[in-house]
Amino acid sequence: AVAGPAKPDEKTSPGDLEFAQSSDNAAGISPSDLLEKLLDVGAEVADDDESGTASVSPELAARRKRAGLCAAFHLASSNLGTAAQSRCFEGNPIRLIELIATGDGVAEALGAEVLACAAATEAGREFLRPLVAAGALEAIVADATKTKAARAAAAT
C-alpha cells in the first residue's frame, strides 16, 4: 500500500515534508517508502559489460547500487541522504569503509562520494564519528593505493 503525503503533525523533517508535498511526488509516496522501492527495484543486476557488473559478484553489485542511491539521496536532500545512509549501510559506518576497501574502483568511487556527502551534514558527521575515533579515515588518507577522490573524501 502506498502511504499518503506526510502531514505536518507527523514526525517528519522539513525536507521530508517538502518532498512529500512536491508536485514530483504525484503518487503521494513517503521518502522512506521511495528509498525502499528504489532499493528493491532491479535487485538483480544484469550481467553486461557496459555496466561494469559482469566481473563483480552480485553482492558487490548490490553494495554499489546502495552506495550510488545513498549518494544521490544525499545530493537531493540531506534528510533523505541521512535516511539512505542508515538503510544502505545498516546504520554501521564500517560497511562504508568495507565498500571503499573492496579493491573495486567503482565501489571505491561510490564509497568516497557517500563519505564526502555524509561529512557535509551534521547527521552524516555523527554517522562517521566512530570512524574518526578509530582512525579509519586517517588510514584511508595515508593509503597511497586509494584514489585521490577516496583520500580527499576521508580528509573531509
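Residues numbered from 1 in each chain as written. Predicted model: local features only at pLDDT ≥ 70, side-chain atom pairs only at ≥ 80, totals over all residues. Heavy atoms only, no water.

Undergrad: Looking at this structure, I do not really get the overall build of the chain. What am I missing?
TA: Along its length, the chain carries 9 helices and 0 strands. Scored against the burial criterion, the 156 residues of the chain give a buried share of 38%. Considering only contacts within the chain whose residues lie at least 6 apart along the sequence, 56% involve residues at least 24 apart. A total accessible area of about 8700 Å² is found for the chain, and carbon and sulfur atoms account for 56% of it. (Helix = DSSP H or I, 4+ residues; strand = E, 2+ residues; numbered from the N terminus. Buried < 20%, exposed > 50% of the residue type's maximum accessible area, 1.4 Å probe, protein only. Contact = heavy atoms within 4.5 Å. Areas by Shrake-Rupley, 256 points an atom, 1.4 Å probe, with all protein chains shown as cover.)

Undergrad: Looking at this structure, how should I read the packing of helix α5 (residues 93–100) against helix α7 (residues 122–134)?
TA: Pairs of packed helices are described in terms of their axes, by the angle between the two and the distance that separates them. The N-to-C vectors of α5 and α7 enclose an angle of 70°; their axes lie 8 Å apart at closest approach. By the criterion of interaxial angle, the relationship of α5 to α7 is roughly perpendicular. As α5 runs across α7, the sense of the crossing is right-handed. Where α5 approaches α7, its residues P93, I94, L96 and I97 are matched on the opposing element by F127, L128, P130 and L131. Counted by class, the contact of α5 with α7 contains 8 nonpolar, no polar and no charged residues. (Axes fitted to C-alpha atoms, helices over the stretch in contact; angles between N-to-C directions. Parallel < 35°, antiparallel > 145°, perpendicular 65-115°, else oblique. Left-handed = near helix turned anticlockwise from the far one by under 90°. Nonpolar A, V, L, I, M, F, W, Y, C, P; charged D, E, K, R; others polar.)

Undergrad: Help me understand unusual backbone geometry, please; the structure alone is not making it clear to me.
TA: Note: most residues except glycine have negative phi, and most peptide bonds are trans. Within the chain, E90 stands out as a residue other than glycine whose phi angle is a positive 55°. Examined against the element boundaries, E90 turns out to sit in the loop between α4 (78–88) and α5. With a relative accessible area of 55%, E90 lands in the exposed category.

Undergrad: What is the right way to read the nonpolar core from this model?
TA: Across soluble globular proteins, nonpolar side chains have a tendency to be buried as a group. Grouped together as the largest cluster of nonpolar side chains are 33 residues, with contacts concentrated most on F89, L96, V114, L115 and L128. Listed by contribution, the elements that provide at least two residues to this core are α2 (31–40), α3 (58–76), α4, α5, α6 (105–119), α7, α8 (136–142) and α9 (148–155). It is α3 that provides the largest number of residues to this core, a total of 7 residues. (Core = buried A, V, L, I, M, F, W, Y, C linked by side-chain atoms within 4.5 Å.)

Undergrad: Sorry if this is basic, but what is going on with the environment of V132 here?
TA: On the secondary structure map, V132 appears in helix α7. Classification of V132 as exposed rests on a relative accessible area of 54%. The sequence separation of V132 and A154 amounts to 22 residues, and the corresponding C-alpha distance is 9.3 Å.

Undergrad: How should I be thinking about α5 in this particular structure?
TA: Note on helix geometry: an α-helix contains 3.6 residues per turn, so any two residues three or four positions apart are oriented the same way. Taken together, the buried positions of α5 are occupied by P93, L96, I97, L99 and I100. End-on, the buried residues of α5 take up no more than an arc of 155°, which puts them together on one face. If you follow the buried residues of α5, they end up packed against α3, α6, α7, α8 and α9. Its side-chain oxygen 2.9 Å from the backbone nitrogen of I94, N92 forms the N-cap of α5. (Arc of directions from axis to C-beta. Polar contact = N/O pair within 3.5 Å; in protein donor to acceptor, adjacent residues only side chain to side chain.)

Undergrad: How should the environment of A120 be read in this particular structure?
TA: Here A120 shows up in the loop between α6 and α7. A120 gets classed as exposed once you look at its relative accessible area, which sits at 59%. The spacing of A120 and S78 is 42 residues in sequence and 8.7 Å in space, taken between C-alpha atoms.

Undergrad: Which parts of the structure should I look at to understand the side chain of H74?
TA: Here H74 is to be found in helix α3. Relative accessible area serves as the criterion here: at 8%, H74 is assigned to the buried category. A polar contact is formed between the side chain of H74 and the backbone oxygen of G81, at a distance of 3.3 Å. Those residues in contact with H74 that lie beyond four places of it in its chain are G81, T82, Q85, C117, A118 and T121.

Taken by themselves, the reported measurements are silent on function.
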